[in-house]
Amino acid sequence: MLGIRRDQIDLSGDQTIETLLSQGSQFLGSQTNSSTGNTVPGGSVALNLRGLGEQRNLVLVNGRRFAIAGIDQTTDLNAIPPGLVDRIEVVTGGSSAVYGSDAISGVVNFIMKTDLKGVDLSARTDWDEPTGRRTHEIELTVGRAFAEDRGIVMVAVNATDRDAITRGEMGGWAYFAAGDGCVTKESWSASRPGQALAVPTGQTCTEAGGRPGLIATGSGDLPNGRFFGIPQYGAVRSSPQLDMSLTAAGLQSAGGRGFTFDDAGMTARPALTPEDDYNNSPPNYLIIPLKRRTANAFFTFQVTSADTAYAELHASQNTTRMQFAPTNINGTFLLETTNPFLSSEMKAVFREIDALETTTTTINQGGIDFTNRPQDGLIAIGIGRRMAEIPVRRNVSERRLARGVVGIRGSRYGLQYDVYYSYAKMRNRDRQTGAVSRSRFALGLLSHNGQPPVLNIFGANISPTAAQSVTFGSTNYQYAAQDVFAGNVRGSGPTLRTGRIVYSLGFEWRRNTAILKPDYPADLGDIAGFTALRPTSGSVSVKEVYGEVRLPLIANQRHIGRLDMTAALRYSDYSLAGVGGVWSYSAGLQWQPSADFSVRSQLQHSIRAPSIGELYNQQSAIFTPAVDPCSSRAAADHKTDAVRKLCIQTGVPDHAVFTELVQPNGIIGVTSGGNPLVGQEESDTLTFGATYQPTHRPTAVMSVDFFDIRVDGAIGSGGGGLQSTLNLCYYEFVAAENTYCQAIHRDRLTGEISQPTYVQTTNANAGGLRVSGVDLSLRDTLSASGYLSRLIGTVEVAVDATYTQRFTINPVQALSHFNNECVGAFGGTCGQPVPRWKSVSTLTWRGEAKSVSLKVRYIGEVWRDSYRLPRRAGGNVPDLENMTSPRIAPQVYVDLSIMLKLGQRTSLFGGVTNVMNREPPIPGSAQYLSNTWPATYDVLGRTFQVALKTTF
């Protein structure tokens, strides 16, 4: 178990629990649930213990479940103010037998201050060096005893305000969208885009005299419009008349990227990449703003000498904002060959395209069908336009949480008991502005009743009135509630020769309820710029009984020492057809052969029941970074004849295979949904460890713990996610009729993965996860004696390190060979960087009235999974010489903090995080967000903190 004390929290300088814990060696980054998670839905903060995901750890407050933040049933740490936390306990490994469902990777328990008598007032501010944006926090806690000290009541209020930082304001490494490319050797940089170098067909970048490096990329949806999917000059699909028209319009050299217009919209030219790509990075938030208000109250009253009543109240409101570049709209739409905004040359091109059409097609945009027939004066054409005439997209997420706990604890008949009821209710409102209606956009491209089209999308010619006609806002609501009624008794049994048996028996009833209510446009999918949501509602209830026992087997035997056995058993009866009744259990041994050495081992079988979202969420789309195997972004070694043939069979036009036409943007849509018959996840955890604490030096503690966690039946979208589904289709099964290929929907003109379903998946217990490694911990305090102790002070050393031996993701357990060994890797398949080594080392000097702490954070090297996975599997390994940023080198961060006591009641804290002002690594196209992996690596550079705390 890892413990974090209050004084360590104060010296850390961190204003969010998320930052403090995610830096720990046992945690990985949680991208969509963090201060850098500029995504929708978003705005909440969760933990990723052992890298097994936010839904596989359990968060407790004072040993009790806190609240659920929505249909995913995670706990939003934004609601827990750091100033009220007395200590944090982290138990890793499966713990469902003791704590219940969700505790697969472990438990994080926040122990709050509940017995203050007096007044605590604290204020804190921090700011980053690059932008100077600030975060302010103030907290007031008042406690008082009453009824002759039989009762204590404590009330705490907290206010936190965090400024936003956009990528444009950060500048430097964050300003441009940096992707893979070929650059001139002189312009190469590890963190900035270089000068792009065109590579002749048939040559590699190095053969062309360049060097693989970062180039300024962006979105292929342009403010002046990009038009694609038409027959190219001289192609089989073209005709002599069309070739002549293309030449007259200046488009005879236009390739799969299509064409664009000048600002006036009268002159067309071939669209180029990356030269024309739209830099959508500057307006996007790098750090999302936070406005947090919390109030907590704690009450205890000694009813009798043996019984104590208690209560807890919590109320909070957290407001976060997300911001993105103006909306882009992409897809196949109908245009008239007589469009009045076109030049005569472009009208001729459109007429010849219409003359070549031979079949009737129907296109659906936002729930409205548009039909195109041969020679009807309409053509179906791909359009990618950035609606720069509309302000940036914004989402304001306002989350209100209320929670109450009432209970009584005490001792009777030699037994200790605790019975309580808790209820928590959450309401979240997302207000979105800057979106575009797909149906209104499609209608606005056509004439009606003799009136010209409302939208002139050729060039920079959309009027404010026309822009207003297609834009709209939406408001989505989410409600969640949790009821818990639980009790336990603890006691000891008969005294054996080896000692006394200690046991605990308990019960728990729990019900989670959640509702997601989107606006009609979001429900329909008639929205561009934000995720289309579908209504979701449901509830999950469970009745549980459990028992724990500690049995002394051997006590103080010469040459043997002491041996204890622990065991726990829990039966859970769920109201779910796919789960029903399930057992969790654990058994362990602890052997202490001497006073200063102990050995322990434990086997735990844990479960996680599906969340409401995993059960009942209707199909909805999100967009994530991925590589389409049929696009130009695919690795050169994967562009085989077999893959080409399959791409054509799955809907990619022959001329578009392995071109930029198939994937003009770095993100791809995936539509996923719930399954009411999905069952529980099951995990087995084996741990073995030893602790050495010499009796002659009790301040020194060294421990080593081996862990092996295996999750079977992991709940996830079929195929294990977007990238895995694509890989299964094109690299594993290589057959158009297989389930994974059938899930992919492509635009018939371009081959691009497109709406309405994109890549369609459904939740199932199909996957498997496994993580194993070793935790190392060292603690020691060096001090002099007597007067020297007061003069010199003490020095504390703390080292926590984790060596990850394996981190295996299997999207389909039925395919035992399809294991992705992700330790030391990152990317579209493996996700967040999983370093072999991660550590936090702290050196603290404490004097009589001051403390100074130096912290060193280490994150080991990782490699792109597109290189690491095939190398380990013996597949086609990309040539390192032709890869951009295949490796992220080890990162070392140094933090410094100081505490000064200003009298008996007041303390001043100061600190610098990332003293060396290290920028985050930039891995090119293998990024997750903001050119890097911002939940893993520091993105703010050097930051400063100042805090003042007083008691009276």
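About the criteria used
Residues numbered from 1 in each chain as written. Predicted model: local features only at pLDDT ≥ 70, side-chain atom pairs only at ≥ 80, totals over all residues. Heavy atoms only, no water. UniProt positions renumbered as here; feature names shortened; annotations may be inferred. Helix = DSSP H or I, 4+ residues; strand = E, 2+ residues; numbered from the N terminus. Rg over C-alpha atoms; globule rule 2.2 N^0.38 Å. Buried < 20%, exposed > 50% of the residue type's maximum accessible area, 1.4 Å probe, protein only. Disulfide = S-S within 2.5 Å. 1 Å grid on protein atoms, 1.4 Å probe; cavity = no way out; pocket = protein on both sides within 12 Å on 5 of 7 lines; lining within 4 Å. Points joined across faces, edges and corners; volume = space filled by probe spheres on them. Nonpolar A, V, L, I, M, F, W, Y, C, P; charged D, E, K, R; others polar. Contact = heavy atoms within 4.5 Å. Core = buried A, V, L, I, M, F, W, Y, C linked by side-chain atoms within 4.5 Å. Pairing = 2+ DSSP bridges. Axes fitted to C-alpha atoms, helices over the stretch in contact; angles between N-to-C directions. Phe/Tyr/Trp six-rings, centres within 6.5 Å; stacked < 30°, edge-to-face > 60°. Lys NZ or Arg CZ within 6 Å of the ring centre and 35° of its normal. Expected span 1.5 Å × (residues − 1).

Per an unreviewed UniProt entry, the protein is named TonB-dependent receptor, and its organism is Asticcacaulis aquaticus. Among the UniProt annotations of the protein, the heading Subcellular location (unreviewed entry) holds the following wording: "Cell outer membrane". UniProt annotates the protein under Sequence similarities (unreviewed entry) with the comment "Belongs to the TonB-dependent receptor family."

Novice: Whenever I open this one, the overall build of the protein confuses me. Can you help?
Specialist: For the protein, the helix and strand inventory stands at 15 helices and 48 strands. Taking 30 Å as the expected radius of gyration for a compact globule of 952 residues, we find that the protein reaches 30 Å, a close match to that expectation. Structurally, the protein occupies a C-alpha span of about 100 × 60 × 55 Å along its principal axes. A buried classification covers 56% of the 952 residues belonging to the protein.

Novice: Would you explain the state of the cysteines in this entry?
Specialist: One way to say it: the disulfide is the covalent bond shared by the sulfur atoms of two cysteines. Scanning the model with the defined rule gives 4 disulfides in all. Disulfide pairing is shown between cysteine 630 and cysteine 647; the S-S distance is 2.0 Å. Measuring handedness by torsion sign, the sulfur bridge of cysteine 630 and cysteine 647 sits at about -95 degrees and is left-handed. Here the residue cysteine 630 occupies a position in the loop between strand E32 (620-625) and helix H11 (641-649), and cysteine 647 occupies one in helix H11, the gap between them amounting to 17 residues. Exposure class is identical for cysteine 630 and cysteine 647. Each is buried. In this model, cysteine 729 is linked to cysteine 741 through a disulfide, with the two sulfur atoms separated by 1.9 Å. Between cysteine 729 and cysteine 741, the S-S torsion sits near 100 degrees, and that sign places the bridge as right-handed. Remark: cysteine 741 occurs in helix H13 (residues 739-742) and cysteine 729 occurs in helix H12 (residues 722-733); sequence separation between them is 12 residues. The exposure classification of cysteine 729 matches that of cysteine 741, with both residues buried.

Novice: Explain empty space enclosed by the protein here, please?
Specialist: Tallied over the full model, the rule gives 9 cavities of 30 Å³ or more. Looking at the second largest cavity, its volume works out to about 330 Å³. Forming the walls of the second largest cavity are 30 residues, and the residues nearest its centre are Arg65, Ile68, Gln73, Asp102 and Asn512. Residue classes in the lining of the second largest cavity are distributed as 13 nonpolar, 10 polar and 7 charged.

Novice: I tried to follow the environment of threonine 36 on my own but got confused; where do I start?
Specialist: Secondary-structure assignment places threonine 36 in the loop between strand E2 (27-28) and strand E3 (48-49). Classification of threonine 36 by relative accessible area gives buried; the value is 5%. C-alpha separation for the pair threonine 36 and asparagine 876, spaced 840 residues apart in sequence, amounts to 35 Å. Ignoring sequence-local partners within four residues, the contact set of threonine 36 consists of Gln31, Leu286, Ile287, Leu929, Pro934, Ala935 and Val939.

Novice: What should I look at first to understand the nonpolar core in this one?
Specialist: One recurring pattern in soluble globular proteins: nonpolar side chains tend to sit buried together. Leu21, Ile88, Phe110 and Tyr574 are the most contacted members of the largest nonpolar core, which has 48 residues in total. In contact with tyrosine 574, not counting residues within four places along its chain, are Ser101, Arg510, Val540, Ser541, Val542, Glu544, Val579, Gly580, Val582, Ile607 and Ala609. Residues Phe259, Phe370, Ile390 and Val470 belong to the second largest nonpolar core, which totals 42 residues.

Novice: What is the right way to read the sheet that holds strand E15 (residues 259-261) from this model?
Specialist: The pairing of strands in a sheet happens through backbone hydrogen bonds and is either parallel or antiparallel. Ordered in space as E16-E15-E14-E23-E20, the 5 strands form an open sheet in which the pairing is antiparallel. Only two strands of the sheet have a single partner each, and these edge strands are strand E16 (268-270) and strand E20 (328-336). Going from strand to strand, the sheet's axes swing by 35 degrees on average, the running direction of each strand aside. Of the pairings in the sheet, the one linking E20 to strand E23 (residues 378-386) comprises 9 bridges and is antiparallel in character. Within the sheet, the bridge partner assigned to leucine 334 lies in E23 and is alanine 380. The sheet strands contacting helix H6 (residues 344-356) are E15, E16, E20 and E23, and the helix crosses E23 at an angle near 125 degrees.

Novice: How should the sheet that holds strand E36 (residues 759-760) be read in this particular structure?
Specialist: An order of E32-E33-E36 is seen for the 3 strands of this open sheet, with the pairing classed as mixed. A single partner strand is all that each edge strand has here, and the edge strands are E32 and E36. Pairing of strand E33 (residues 667-672) with E36 involves 2 bridges; the strand directions are parallel. Within E36, the residue paired with valine 670 across the bridge is valine 759. Each of E32, E33 and E36 touches H12; the most contacted strand, E33, lies at about 95 degrees to it.

Novice: Just checking my understanding: could you explain the packing of aromatic side chains for this structure?
Specialist: The description of an aromatic ring pair uses the distance of the two centres, along with the angle that the planes make with each other. In total, this model carries 20 aromatic pairs according to the counting rule given. Residues phenylalanine 324 and phenylalanine 530 carry aromatic rings whose centres are separated by 6.3 Å and whose planes lie at 80 degrees to one another, so their mutual orientation is edge-to-face. With phenylalanine 324 in strand E19 (residues 307-324) and phenylalanine 530 in the loop between helix H9 (520-524) and strand E28 (536-557), the pair connects residues that are 206 residues apart, well separated along the chain. An angle of 70 degrees between the planes, with centres 5.2 Å apart, marks the rings of phenylalanine 333 and phenylalanine 441 as edge-to-face. Linking phenylalanine 333 in strand E20 with phenylalanine 441 in helix H7 (residues 438-444), this pair joins segments that are 108 residues apart in sequence. Each member of the pair, phenylalanine 333 as well as phenylalanine 441, carries the same accessibility label: buried. Site record: aromatic cluster; members linked through ring pairs are Phe227, Phe259, Phe261 and Phe458. Arginine 64 extends its terminal NZ or CZ atom over the ring of tyrosine 420, reaching a point 5.3 Å from the ring centre. Stacked on the ring of tryptophan 127, the Lys or Arg arginine 134 has its end atom at 4.7 Å from the ring centre.

Novice: Honestly, H12 in this entry has me stumped. Any pointers?
Specialist: Residues lying three or four places apart along an α-helix face the same way, a consequence of the helix completing one turn every 3.6 residues. The end-to-end C-alpha distance of H12, which contains 12 residues, comes to 16 Å, matching closely the 16 Å that a straight helix rising 1.5 Å per residue would cover. Where burial is concerned, most of H12 is hidden: 9 out of the 12 residues are buried. Residues of H12 that are buried include every one of Leu722, Gln723, Ser724, Thr725, Leu726, Asn727, Leu728, Cys729 and Tyr730, and no others. Immediately downstream of H12, the backbone of valine 734 shows phi near 50 degrees, a positive value.

Novice: Can you walk me through the environment of glycine 367 in this structure?
Specialist: Summarising the element assignment, glycine 367 is placed in the loop between strand E21 (361-365) and strand E22 (368-372). By relative accessible area, which is 49% here, glycine 367 ends up partly exposed. Spatially, the C-alpha atoms of glycine 367 and glycine 525 are 7.5 Å apart, while their sequence positions differ by 158 residues.

Novice: Is there a simple way to explain the pairing of strand E47 (residues 906-913) in this structure?
Specialist: On a regular strand, one side chain projects to one face of the sheet and the next to the other, so that they alternate. Among the 8 residues that make up E47, 6 are buried, leaving the element largely enclosed by the rest of the structure. Pairing analysis gives 6 bridges linking strand E46 (residues 891-901) to E47, with the strands arranged antiparallel. The partner of serine 897 across the bridge, within E47, is glycine 911. Between E46 and the antiparallel strand that follows it, E47, lie 4 residues; glycine 903 among them carries a positive phi value of about 90 degrees. Two strands pair when backbone bridges link them, and E47 and strand E48 (residues 943-951) are joined in this way by 8 bridges, in the antiparallel orientation. For phenylalanine 909, the partnering residue across the bridge sits in E48 and is alanine 947.

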